[in-house]
Amino acid sequence: MSFLHEKQSRCYFLFLSCFCTLMLAFFVLCAGIQTREAKKLLLRQEQTAASYLLEQGISEDITAAAFKNSELTEEGVRLLEKSGRTDSTPFWLLPPARRAAVLYLTAALLGGLGFGGILMGVSAFFLHRRELLYQKAAGRIAEFAEGSFARHLPRNETGTLYQLFASVDELAMALQSKSESEQKAKEFLKDMISDISHQLKTPLAALNMYAEIILDEPDNPPLVEEFSGKSLISLARMEQLILSLLKVMRLDAGNIRFEQKLCTVSELVSRGIAELITRAKQEEKQILINGDPGEQILCDLEWTGEAIGNLVKNALDHTEAGGTIEIAWERSLAMLRLSVADNGSGILPEDIHHIFKRFYRSKSSAHTQGIGLGLPLAKSIIEGQGGILSLQSTPGKGTTFIISFLTEP
């Protein structure tokens, strides 16, 4: 009986058990009293009859034998019928039966009213408390429906009803989580649309201006060639911006599933810097690699390589000609650390805590390349695989980004 796990139901069931026991005892007592009174009435009737017979001169032997006799005779039955005592005679015309009936009916009526009143009162109290509990639960559920999850359903007792309340609470928590996720998604989409429109505004304005210049000077080949090249640069910047934004959005939305597999760190680094070696040579900068070529790491080769490429690209953006970018790795007891260090301009102290924000550009980076998405993208990729991306920087001396991956000892 699972309903007995609930305190209120258990108390009510205990009351019903006690109530039924008391009611049974009461009716047993009434039956005993009725039996005793019936015996008294019968004895009184026999005493009255005996007294009358003796007064009429009937001998004691015959009188005693009359009360001991158990056989019926037609003469006796007819005699009683003549005096109005038959099976169809109403009980109230028979004084002994009338007195017994009045006594029993009075006791039954009082007992029924008493026990009925107690049962109705306790049941009404129990149902009233249940009604209050249901009203309270309905109020909480109405708050859940309106999006307010500050208060919970009663869960301080055991029983099926409170298990139901707990399940509803869990459902409300799931709805709250979903609502918060949807709100975050809306805010994220709003911010991304704002960021995209803001970032595309400059190259689009430039493209519009270049197109107007080309249209105004169609007979000036050098000018057309110059602004056509600038248009291509703006288009490439827009393409890079859009691709980076799409990657960031997919990572933030959790739509990227990293396919981790074992690979060598040297292969990972080579993939990350493959498209940057030519740029480094053109800008007279040197990329150095230092680490055990056979060292292995469990990661998504493509995405992690892109994260390393973004760190190296950031280092190239902030390093002058003749500068050096060093990529090094080493394994400790339970961790592999990969660092990308440069001897460039470094990061100002006031910019350290904002460096991984999307589109953040410090004042010292105003004249450098980049759109402010490489570092946030790298951080999302590394942390999405359970790693940590941190940095150390000294203004005027350079910056070191450190990727840490936990490995099995």
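Now for a description of the structure that goes with this document. Being a predicted model, the structure only gives us computed values, none of them experimental. (Residues numbered from 1 in each chain as written. Predicted model: local features only at pLDDT ≥ 70, side-chain atom pairs only at ≥ 80, totals over all residues. Heavy atoms only, no water.)

1. Observations concerning the overall build of the protein chain
Piece 1. Helix and strand counts for the protein chain stand at ten helices and seven strands.
Piece 2. The buried share among the 409 residues of the protein chain stands at 30%.
Piece 3. Long-range contacts, defined here as pairs at least 24 residues apart, represent 69% of the contacts in the protein chain between residues at least 6 apart.
Piece 4. Summed over its atoms, the accessible surface of the protein chain is roughly 26700 Å², and 59% of this surface lies on carbon and sulfur atoms. (Helix = DSSP H or I, 4+ residues; strand = E, 2+ residues; numbered from the N terminus. Buried < 20%, exposed > 50% of the residue type's maximum accessible area, 1.4 Å probe, protein only. Contact = heavy atoms within 4.5 Å. Areas by Shrake-Rupley, 256 points an atom, 1.4 Å probe, with all protein chains shown as cover.)

2. A few points about the nonpolar core
Piece 1. Of all hydrophobic cores here, the largest spans 46 residues; its most connected members are Ile297, Leu311, Val312, Ile327, Leu338 and Ile403.
Piece 2. Each residue touching Leu311, except ones within four places of it in the same chain, is listed here: Val340, Leu375, Ala378, Leu389, Phe401 and Ile403.
Piece 3. Within the second largest apolar cluster, nine residues are counted, among which are Phe144, Phe149, Leu153 and Ala172. (Core = buried A, V, L, I, M, F, W, Y, C linked by side-chain atoms within 4.5 Å.)

3. As for the packing of aromatic side chains
Piece 1. In total, this model carries four aromatic pairs according to the counting rule given.
Piece 2. Measuring from centroid to centroid gives 6.3 Å for Phe258 and Trp303, while their planes differ by 85 degrees, and the two rings are edge-to-face. Here the residue Phe258 occupies a position in the loop between helix H6 (221-252) and strand E1 (261-264), and Trp303 occupies one in helix H9 (residues 301-317), the gap between them amounting to 45 residues. An identical accessibility class is assigned to Phe258 and Trp303; each is buried.
Piece 3. Its guanidinium or amino end placed over the ring of Phe356, Lys379 lies 4.8 Å from that ring's centre, counting from NZ or CZ. (Phe/Tyr/Trp six-rings, centres within 6.5 Å; stacked < 30°, edge-to-face > 60°. Lys NZ or Arg CZ within 6 Å of the ring centre and 35° of its normal.)

4. Points about the side chain of Ser404
Piece 1. Checked against the element boundaries, Ser404 lands in strand E7 (residues 398-406).
Piece 2. Of the polar contacts made by the side chain of Ser404, one reaches the side chain of Arg337; its length is 3.4 Å.
Piece 3. Ignoring any residue separated from it by four or fewer positions in sequence, one finds Ser404 in contact with Met335, Leu336, Arg337, Gly387 and Ile388. (Polar contact = N/O pair within 3.5 Å; in protein donor to acceptor, adjacent residues only side chain to side chain.)

5. Focus on the pattern of salt bridges
Piece 1. Scanning the model with the defined rule gives six salt bridges in all.
Piece 2. Where Glu283 meets Lys285, a salt bridge forms, and the shortest distance between an N and an O atom there is 2.8 Å.
Piece 3. Here Glu295 and Arg331 are joined by a salt bridge, their closest N and O atoms 2.7 Å apart. Of the two residues, Glu295 sits in the loop between strand E2 (286-290) and strand E3 (296-299) while Arg331 sits in strand E4 (residues 324-331), which places them 36 residues apart along the sequence.
Piece 4. Within the structure, one salt-bridge network assembled from shared partners comprises Arg279, Glu283, Lys285 and Asp317. (Salt bridge = Lys/Arg side-chain N within 4 Å of Asp/Glu carboxyl O.)

6. Observations concerning the side chain of Ser123
Piece 1. Take Ser123: it is sitting in helix H4 (residues 95-145).
Piece 2. Within the local environment of Ser123, its side chain forms a polar contact with the backbone oxygen of Leu119, the two atoms lying 2.7 Å apart.

7. Quick notes on unusual backbone geometry
Piece 1. Positive phi values are uncommon outside glycine, yet Glu284 reaches one of about 60 degrees.
Piece 2. Examined against the element boundaries, Glu284 turns out to sit in the loop between helix H8 (277-282) and E2.
Piece 3. The class of Glu284 is exposed, set by a relative accessible area of 60%.

8. Points about helix H7 (residues 265-273)
Piece 1. Listed as buried for H7 are Val265, Leu268, Val269, Gly272 and Ile273. End-on view of H7: buried residues confined to an arc of 115 degrees, all on one side of the axis. (Arc of directions from axis to C-beta.)

9. Quick look at the pairing of strand E6 (residues 388-394)
Piece 1. Pairing analysis gives seven bridges linking E6 to E7, with the strands arranged antiparallel. Looking across to E7, one finds that Leu391 is bridged to Phe401.
Piece 2. Linking two consecutive strands that pair antiparallel, namely E6 and E7, is a turn of three residues; a positive phi of about 85 degrees is found at Gly396 within it. (Pairing = 2+ DSSP bridges.)

10. Things to note about the sheet that holds strand E5 (residues 335-342)
Piece 1. Read across the sheet, five strands follow the order E2-E4-E5-E7-E6 without closing on themselves; strand pairing throughout is mixed. If you trace the sheet from one side to the other, it starts and ends with E2 and E6, each paired once. Each adjacent strand pair in this sheet contributes to an overall mean axis angle of 15 degrees, direction not counted.
Piece 2. Seen against the sheet, H9 touches E2, E4, E5, E6 and E7 and runs at an angle of roughly 170 degrees to E7.
Piece 3. On the sheet, helix H10 (residues 374-384) packs against E6 and E7 and is oriented at approximately 140 degrees with respect to E6. (Axes fitted to C-alpha atoms, helices over the stretch in contact; angles between N-to-C directions.)

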